[in-house]
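# Tertiary structure, described
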Amino acid sequence: MGLMSGTSVDGVDACLARFFLESGQLRYEILATHSQPMPADLRNRLLRCMGDKQIHLEEFCRLNVDVGTLFAETAWALMQAHDIPASGIDAIGSHGQTLYHWPPGQPGQLGGTLQIGEPSLIAEKTGVLTIADFRPRDMAAGGHGAPLVCFADQWLFQHETLGRCIQNIGGIANVTVVPSLADWQQTQLPVMAFDTGPGNMLMDAAMEHFFGKAYDADGAVAASGQVQAGLLAHLLHHPYLAQDPPKTTGRELFGAPYFQELLTQFPAIAPADWLATLNRFTAASIADAYERFVFPRYAISEAVVGGGGSFNPVLLDNLRALFAEQQQVITVKAHAEFGIPDQYKEALAFALLAWANLEGLPNNIPTCTGAQHAVIMGKRVL
């Protein structure tokens, strides 16, 4: 079982799957899924902690327990709903909730990361071996500890002849560039992955500020506004966009404090126009990343979009329009077209990471994270 809570901090997703190898190819079957919403008070405490970058030690301990309890309850609810005993599950792979991510600096300088959600509580509640805290092992080897889902993206989406970009749009947007099997074998083109920039994060901050809502359902507010060219140009000059991969980002760069800075700099923009512009910016930052770092090296035929952003039709239309402007013939697809529910793709990925840990298989991709070598990520709690 994989458990996942992302940068949107809106809930915990659980996905139970069976994995096996057949003639060297990974086969999988999704057996059950479940989602547990993040309680409003807990979400506010987490966001406050992430925004302030400071936390009292007592509150840190309480958050670690409260998040771990929510993860444990999510796993237990799936087991109860589908009448699955602990003996029927080999392991639970828990991502936890990221509180802070500090990427590596100069060459040789290690970074750090902090995910909370006590795995001992999950193991205690479910009676199942729990594997958690995946990212630090990659960072100890000089990597960014992210993106990790790229491991699953290669296993799940690599095609004989089609190159694909597997684009997740959660709070932060990240892409895994998966060359076709032919290109991968013949030219040694590596799998590449990095965070393209903000996903829903800035749009969600604007919705909270102007409307007291968590997100722009169906992009309705964005559709009613007009893109403001000056604001968009300012956003597109953010230095992160020009930084070479491997790279990762989060609320440290694109969270609520950054949005508050933007409000100060652009005080006269109407709320709907903010949403229209931020929606366009998310799409433009993705298209810009492809133009800078992907298209010069990789032949890409499809972009497979998942995460909360995949449910925003305005965002997807913006993305298609920008690809057309770049004269790129790319089909935009959803994970569901591959039999993977969009909401549970990342939970499925952490189930796969846990499976690889049990099998003794390295489960990072150094060309994606920047690690010096392959490692087996994840700490086990019996």
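As a reminder, the structure under discussion sits directly above these lines.
The structure reproduced in this document is the subject of the present report. (Residues numbered from 1 in each chain as written. Predicted model: local features only at pLDDT ≥ 70, side-chain atom pairs only at ≥ 80, totals over all residues. Heavy atoms only, no water.)

### Describing the packing of aromatic side chains
Basically, it comes down to this: For this analysis, a ring pair means two rings from Phe, Tyr or Trp (six-membered ring only for Trp) whose centres lie within 6.5 Å, classed as stacked if their planes differ by under 30 degrees, edge-to-face if by over 60, and tilted for the remaining angles. A run of H or I in DSSP becomes a helix once it reaches four residues, and a run of E becomes a strand once it reaches two; helices and strands are each numbered from the N terminus. Here the term buried applies to any residue with accessible area under 20% of the maximum for its type, exposed to any over 50%, and partly exposed to those in between, with areas from a 1.4 Å probe on protein chains only.
Under the defined criterion, the tally for this structure stands at 13 aromatic pairs. With a centroid separation of 5.5 Å and 75° between ring planes, the pair formed by Phe259 and Trp274 is classed as edge-to-face. In this pair, Phe259 is assigned in helix α12 (residues 256–265) and Trp274 in helix α13 (residues 271–294), connecting sequence segments 15 residues apart. Residue Trp274 is classed as buried on the basis of its relative accessible area of 1%. One aromatic cluster is present, formed by Phe19, Phe151, Trp155 and Trp355 through successive ring pairs.

### Notes on the environment of Asn44
Relative to the helices and strands, Asn44 resides in helix α1 (residues 40–52). Residues Asn44 and Ala173 lie 129 residues apart in sequence; the distance between their C-alpha atoms is 22 Å.

### Notes on a nonpolar patch on the surface
Here is the rule: Each patch is built from residues lacking any salt bridge and having more than 30% relative accessible area; the joining distance is 9 Å for like charges and 5 Å for nonpolar side chains (Val, Leu, Ile, Met, Phe, Trp, Tyr). Here the accessible surface of atoms and residues is derived via Shrake-Rupley with a 1.4 Å probe, and residues count as covered only by protein chains that are part of the display. The term salt bridge refers to a side-chain nitrogen of Lys or Arg lying within 4 Å of a carboxyl oxygen of Asp or Glu.
Judged by side-chain polarity, Tyr100, Trp102 and Leu114 come together as a nonpolar surface patch covering roughly 280 Å² of accessible area. Tracing the sequence through the fold places Leu114 in strand β6 (residues 112–116).

### Topic: helix α9 (residues 229–236)
This is how it is decided: Of all possible arcs, the one meant is that of the directions from the helix axis to the C-beta atoms. Contacts: residue pairs with any heavy atoms within 4.5 Å of one another.
For α9, the set of buried residues is Leu231, Leu232 and Leu235. Taken around the axis of α9, the buried residues stretch over an arc of 100°, which confines them to a single face. The secondary structure elements touched by the buried residues of α9 are α10 (239–242), α12 and α13.

### Some details on the sheet that holds strand β9 (residues 172–178)
Applicable threshold: Pairing between two strands is assigned when DSSP locates at least 2 bridges connecting them. A fitted line through C-alpha atoms serves as each axis, taken over the contacting stretch for helices, and the angle formed by two N-to-C directions is quoted from 0 to 180°.
Across the sheet, five strands lie side by side as β10-β9-β8-β11-β12; this open sheet has mixed pairing. If you trace the sheet from one side to the other, it starts and ends with β10 (192–198) and β12 (331–334), each paired once. Within the sheet, the average angular offset between the axes of one strand and its neighbour, ignoring direction, is 25°. Sheet topology note: the strand β8 (residues 164–169)/β9 ladder contains six bridges and is antiparallel. Residue pairing across strands places Cys165 opposite Val177, the latter belonging to β9. Relative to the sheet, helix α14 (residues 313–325) contacts β8, β11 (302–306) and β12, its axis offset from that of β11 by approximately 160°.

### Overview of the sheet that holds strand β7 (residues 130–132)
With respect to topology, six strands assemble into an open sheet ordered β3-β2-β1-β4-β7-β13, the strand pairing being mixed. In the strand order of this sheet, the two ends are held by β3 (25–37) and β13 (379–381), each with one partner. Adjacent strand axes in the sheet meet at a mean angle of 25° when their direction is disregarded. Pairing geometry for strand β4 (residues 92–94) and β7, over three bridges, is parallel. Note that in β7 the partner of Ile92 across the bridge is Thr130.

### What to know about unusual backbone geometry
With an omega of -10°, the peptide bond between Ala146 and Pro147 qualifies as cis. The topology assignment puts Pro147 in the loop between α4 (135–140) and α5 (150–157). For the peptide bond that leads from Pro245 to Pro246, omega is 0°, which places it in the cis range. Positionally, Pro246 belongs in the loop between α10 and α11 (251–254). The phi dihedral of Asp83 is positive, around 55°, even though this residue is not glycine. Take Asp83: it is sitting in the loop between α2 (57–81) and β4. Here Asp83 falls in the exposed class, since its relative accessible area comes to 71%.

### Some words on the pattern of salt bridges
Within the structure shown, the criterion is met by twelve salt bridges. Between Arg45 and Asp66 there is a salt bridge; the shortest N-O distance is 2.9 Å. Placement of the pair is Arg45 in helix α1 and Asp66 in helix α2, with a sequence separation of 21 residues. Between Glu302 and Arg164 there is a salt bridge, and its shortest N-O distance comes to 2.8 Å. With a gap of 138 residues between them, Glu302 in strand β11 and Arg164 in strand β8 connect regions that are remote in the sequence. For the pair formed by Glu302 and Arg164, the shared burial category is buried.

### Here we look at the packing of α9 against α13
The test is simple: The handedness criterion is simple: a crossing whose near helix is rotated anticlockwise from the far helix by less than a right angle is left-handed, and one whose near helix is rotated clockwise is right-handed. Under this grouping Gly is polar, as are all residues other than the nonpolar Ala, Val, Leu, Ile, Met, Phe, Trp, Tyr, Cys and Pro and the charged Asp, Glu, Lys and Arg.
Interaxial distance between α9 and α13 falls to 10 Å at its minimum, and their mutual angle equals 35°. Of the two possible hands of crossing, α9 and α13 adopt the one that is right-handed. For the pair α9 and α13, the contacting residues are Leu231, Leu232, Leu235 and Leu236 in the first and Trp274, Thr277, Leu278, Arg280, Phe281, Ala284 and Ser285 in the second. Of the residues assigned to the contact of α9 with α13, the class counts are eight nonpolar, two polar and one charged.

### Concerning the nonpolar core
Inside soluble globular proteins, nonpolar side chains tend to come together where they are buried. As a reminder, the rule being used: Working definition of a nonpolar core: buried Ala, Val, Leu, Ile, Met, Phe, Trp, Tyr and Cys residues. They are joined through side-chain atoms within 4.5 Å.
Judged by nonpolar contacts, the single largest core of 53 residues is most densely connected at Val294 and Phe323. By residue number, the principal contributor to this core is α13, which donates twelve residues. Apart from the residues within four sequence positions on either side, Val294 is in contact with Cys165, Val177, Met192, Ala289 and Ile300. Leu26, Ala347, Leu348 and Phe350 belong to the second largest nonpolar core, which has 34 residues in total.

### A look at the state of the cysteines
Rules: The criterion for a disulfide is a pair of cysteine sulfur atoms lying within 2.5 Å.
Applying the stated criterion across every chain, the model contains zero disulfides. Cys61 takes part in no disulfide bond, and the closest cysteine sulfur to it belongs to Cys49, at a distance of 12 Å. According to the relative accessible area criterion, Cys61 is partly exposed, its value standing at 46%. Free of any disulfide, Cys165 has its nearest neighbouring cysteine sulfur in Cys368, separated by 12 Å. Under the relative-accessibility criterion, Cys165 is labelled buried at 0%.

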